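As a plain string of letters, each chain reads:
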Amino acid sequence: NRMFVIVEQEFPEEYAEFIRDLSKSKRDETAFDLGRQFIMHLRKTHAKHLKSTTSTKLIEVIEADQLLIGAIRERAGAELCSAYLLTGPSALPQGLTPFVSEAERSVETLFLAISDGRHINNPRSTPSESDWTKFLEYWQSEGATEPMIEAMLNPETSGADFCGTYLSFLTMLISYDSTQADAIRADHLFQKAILN
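Residues numbered from 1 in each chain as written. Predicted model: local features only at pLDDT ≥ 70, side-chain atom pairs only at ≥ 80, totals over all residues. Heavy atoms only, no water.

Peer 1: I tried to follow the side chain of serine 82 on my own but got confused; where do I start?
Peer 2: Summarising the element assignment, serine 82 is placed in helix H5 (residues 78-87). Here the side chain of serine 82 touches phenylalanine 162 through a polar contact of 3.0 Å, landing on its backbone nitrogen. Apart from the residues lying within four places of it in its own chain, the contact partners of serine 82 are Gly159, Ala160, Asp161, Phe162 and Cys163. (Helix = DSSP H or I, 4+ residues; strand = E, 2+ residues; numbered from the N terminus. Polar contact = N/O pair within 3.5 Å; in protein donor to acceptor, adjacent residues only side chain to side chain. Contact = heavy atoms within 4.5 Å.)

What follows is the structure in structure tokens.
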């Protein structure tokens, strides 16, 4: 798995500890669970480095996210895709198994961006409310409706095609061009990375 190769290269100490834990585990399912927990812990612990990573790396993560969500929408339908965005892989009948290459790319780009940011270690400031407002106004100028904006602000009440809204939001994050664009991209990815 390329993701674990990246993790081993970029986070050698944590990876060595994970391998020690793995060698103590007895069953395969424990190994799978340990792997999942390890990746989640690593992501949450180091998410703050996304605020330092380059513009290119931020966009690569968003594009990989877009590819994964687009694939889910295309192959599983908008409703299941929306459910996935709100509750995670358990919402999909076979989890992310049918989307394994897109899912791996999504995680790989995230960890490469985290690692990149860790080496730079010069965090951008968190965007202000007015920075976010300007971004939402830009999105509206590109065709977002009030219900779409509302859905992003309150995803739980967003209805069946939250997926389409989210894909539109990601497209705007990529194309947004302002002095605060990278701070907004980084903040979005950081907030997403610290979630379960």
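Peer 1: In this structure, what is going on with helix H6 (residues 100-120)? I would like to understand it.
Peer 2: Given 3.6 residues per turn, any residue in an α-helix points the same way as the ones three and four places further on. The terminal C-alpha atoms of H6 lie 30 Å apart, and with 21 residues this matches the ideal 30 Å at 1.5 Å per residue to within 8%. All of the buried residues in H6 are Glu102, Ala103, Ser106, Glu108, Thr109, Leu110, Phe111, Ala113, Ile114, Ser115, Asp116 and Gly117. (Expected span 1.5 Å × (residues − 1). Buried < 20%, exposed > 50% of the residue type's maximum accessible area, 1.4 Å probe, protein only.)

Peer 1: Any chance you could explain the environment of arginine 124 here in plain terms?
Peer 2: Position of arginine 124 relative to the elements: it lies in the loop between H6 and helix H7 (129-141). Each C-alpha atom, one on arginine 124 and one on serine 106, is 23 Å from the other, the two residues being 18 residues apart in sequence. When residues no more than four places from it in sequence are discounted, the contact partners of arginine 124 are Leu50, Lys51, Ser52, Thr53, Thr54, Ser55, Leu58, Asp182, Ala183 and Ala186. Within the structure, the side chain of arginine 124 is placed 2.7 Å from the backbone oxygen of threonine 53, a separation counted as a polar contact.

Peer 1: I would appreciate a short explanation of the state of the cysteines in the present structure.
Peer 2: Note: disulfide means a covalent bond formed between the sulfur atoms of two cysteine side chains. Scanning the model with the defined rule gives 1 disulfide in all. With a sulfur-sulfur separation of 2.0 Å, cysteine 81 is cross-linked through a disulfide to cysteine 163. With the S-S bond torsion at 60°, the cross-link from cysteine 81 to cysteine 163 turns out right-handed. Of this pair, cysteine 81 sits in helix H5 while cysteine 163 sits in helix H9 (residues 162-175), placing them 82 residues apart in sequence. Taking the relative accessible area as the measure of exposure, cysteine 81 reaches 0% and is therefore buried. (Disulfide = S-S within 2.5 Å.)

Peer 1: So what exactly am I meant to see when it comes to H5 here?
Peer 2: Those residues of H5 that sit buried are Cys81, Ser82 and Tyr84. Relative to the axis of H5, the buried residues are bounded by an arc of 155° and lie together on one face. Exposed residues on H5 whose side chains face more than 90 degrees from its buried face are Glu79 and Thr87. Contacts from the buried residues of H5 go to helix H4 (55-76) and H9. Positive phi appears at glycine 88, one or two residues downstream of H5, with a value of about 95°. (Arc of directions from axis to C-beta.)

Peer 1: What exactly am I supposed to notice about the environment of leucine 86 here?
Peer 2: Following the sequence through the fold, leucine 86 ends up in helix H5. On the accessibility criterion, leucine 86 (35% relative accessible area) is partly exposed. Residues leucine 86 and isoleucine 19 lie 67 residues apart in sequence; the distance between their C-alpha atoms is 32 Å.

Peer 1: Help me understand the pattern of salt bridges, please; the structure alone is not making it clear to me.
Peer 2: Oppositely charged side chains may form a pair once their charged atoms are brought near each other. All told, the structure shown has 8 salt bridges when counted by the stated rule. Here aspartate 187 ties to lysine 51 by a salt bridge, and the two come within 4.0 Å at their closest N and O atoms. Separated by 136 residues along the polypeptide, aspartate 187 in helix H10 (residues 181-193) and lysine 51 in the loop between helix H3 (28-46) and H4 bring together distant segments of the chain. Note that arginine 75 is salt-bridged to glutamate 102, the shortest N-O span being 2.5 Å. Here arginine 75 is found in helix H4, whereas its partner glutamate 102 is found in helix H6, with 27 residues between them in sequence. Accessibility expressed as a relative area gives 48% for arginine 75, which makes it partly exposed. A relative accessible area of 18% means that glutamate 102 is categorised as buried. (Salt bridge = Lys/Arg side-chain N within 4 Å of Asp/Glu carboxyl O.)

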